[in-house]
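Below, each chain spelled out in residue letters.
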Amino acid sequence: MTRLYTPAQAAELLAVRESWLRRKAGQRTIPCTFLGKHLRFSAANLRDIADSGNHTPQTHHNRSRRTR
């Protein structure tokens with residue numbers, strides 16, 4: 001059986017506000033599971049949410065300025 005987390009439990013694990021998590025789930029912009037009207041998150045959902053926040057740092061090329 002797959003373990004499901006409540007929004008409060010998921011928010012604590014992700015270190016985000018529960019209101020943010022509920023809002024994003026309601027907008028269907030993050031992966032989540034609805035059991036009837038009850039919002040839950042699987043471990044896979046939590047991994048996907050965390051991974052979606054990964055950003056590759058942009059590198060800025062240092063170009064020397066020409067001075068006249």
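Along each chain, residue indices are assigned from 1 in the same order as the chain's sequence is written. It should be noted that, the model being predicted, local features are given only for residues of pLDDT at least 70 and side-chain atom pairs only at 80 or more, the latter also being counted only at that level, while totals for whole chains, interfaces and linings use all residues. Side-chain descriptors were evaluated using all non-hydrogen atoms of the structure, hydrogens and water having been removed beforehand.

**Student:** What's the story with the environment of Leu14 in this structure? I'm lost.
**Tutor:** Here a strand is any run of E in DSSP of at least two residues, a helix any run of H or I of at least four, and the numbering for each starts at the N terminus. Among the structural elements, Leu14 can be located in helix α1 (residues 7-14). Residues count as neighbours in contact if any of their non-hydrogen atoms are within 4.5 Å of one another. Apart from the residues lying within four places of it in its own chain, the contact partners of Leu14 are Leu21, Leu46, Ile49 and Ala50.

**Student:** What's the story with the sheet that holds strand β3 (residues 38-42) in this structure? I'm lost.
**Tutor:** Strand pairs in the sheet, formed through backbone hydrogen bonds, run parallel or antiparallel to each other. Two strands make a pair as long as DSSP finds a minimum of two bridges between them. Read across the sheet, 3 strands follow the order β1-β3-β2 without closing on themselves; strand pairing throughout is antiparallel. In this open sheet, the two edge strands, each paired with only one partner strand, are β1 (4-5) and β2 (33-35). Note: β1 against β3, 2 bridges, orientation antiparallel. Pairing of Tyr5 across the sheet is with Phe41, part of β3. Under this scheme, a helix contributes an axis fitted over its contacting stretch, all axes are lines through C-alpha atoms, and angles between N-to-C directions fall in the 0 to 180 degree range. On the sheet, helix α3 (residues 43-52) packs against β1, β2 and β3 and is oriented at approximately 75° with respect to β3.

**Student:** Teacher, can you tell me more about the side chain of Asn45 here?
**Tutor:** For Asn45, the location among the structural elements is in helix α3. Not counting residues within four places of it along the chain, the set of residues in contact with Asn45 comprises Pro31, Cys32, Thr33 and Arg40.

**Student:** Can you walk me through the environment of Gln9 in this structure?
**Tutor:** Mapping Gln9 onto the fold places it in helix α1. Whether a residue is buried, partly exposed or exposed follows from its accessible area with a 1.4 Å probe, protein chains only, as a fraction of its type maximum: under 20%, in between, or over 50%, in that order. The exposure class of Gln9 is partly exposed, given its relative accessible area of 32%. Along the chain, Gln9 and Phe41 lie 32 residues apart, while their C-alpha atoms are 9.0 Å from each other. In contact with Gln9, not counting residues within four places along its chain, are Arg3 and Leu4. Polar contacts involving the side chain of Gln9 include one to the main-chain amide nitrogen of Thr6, which spans 2.9 Å. Contacts described as polar in this section are N or O atom pairs within 3.5 Å, which, within protein, must combine one atom able to donate a hydrogen with one able to accept it, while residues neighboring in sequence count only if both atoms come from side chains.

**Student:** So what exactly am I meant to see when it comes to the pattern of salt bridges here?
**Tutor:** When charged atoms on two side chains of opposite charge get close, those side chains can pair. One side-chain nitrogen of Lys or Arg within 4 Å of one carboxyl oxygen of Asp or Glu is enough to make a salt bridge. Applying the stated criterion to the full structure yields 1 salt bridge. A salt bridge links Arg22 to Glu18; the shortest N-O distance between them is 2.9 Å. Remark: Glu18 and Arg22 occur in helix α2 (residues 18-26); sequence separation between them is 4 residues, near one turn of the helix. Given a relative accessible area of 44%, Arg22 falls into the partly exposed group. Take Glu18: its relative accessible area is 29%, and that puts it in the partly exposed class.

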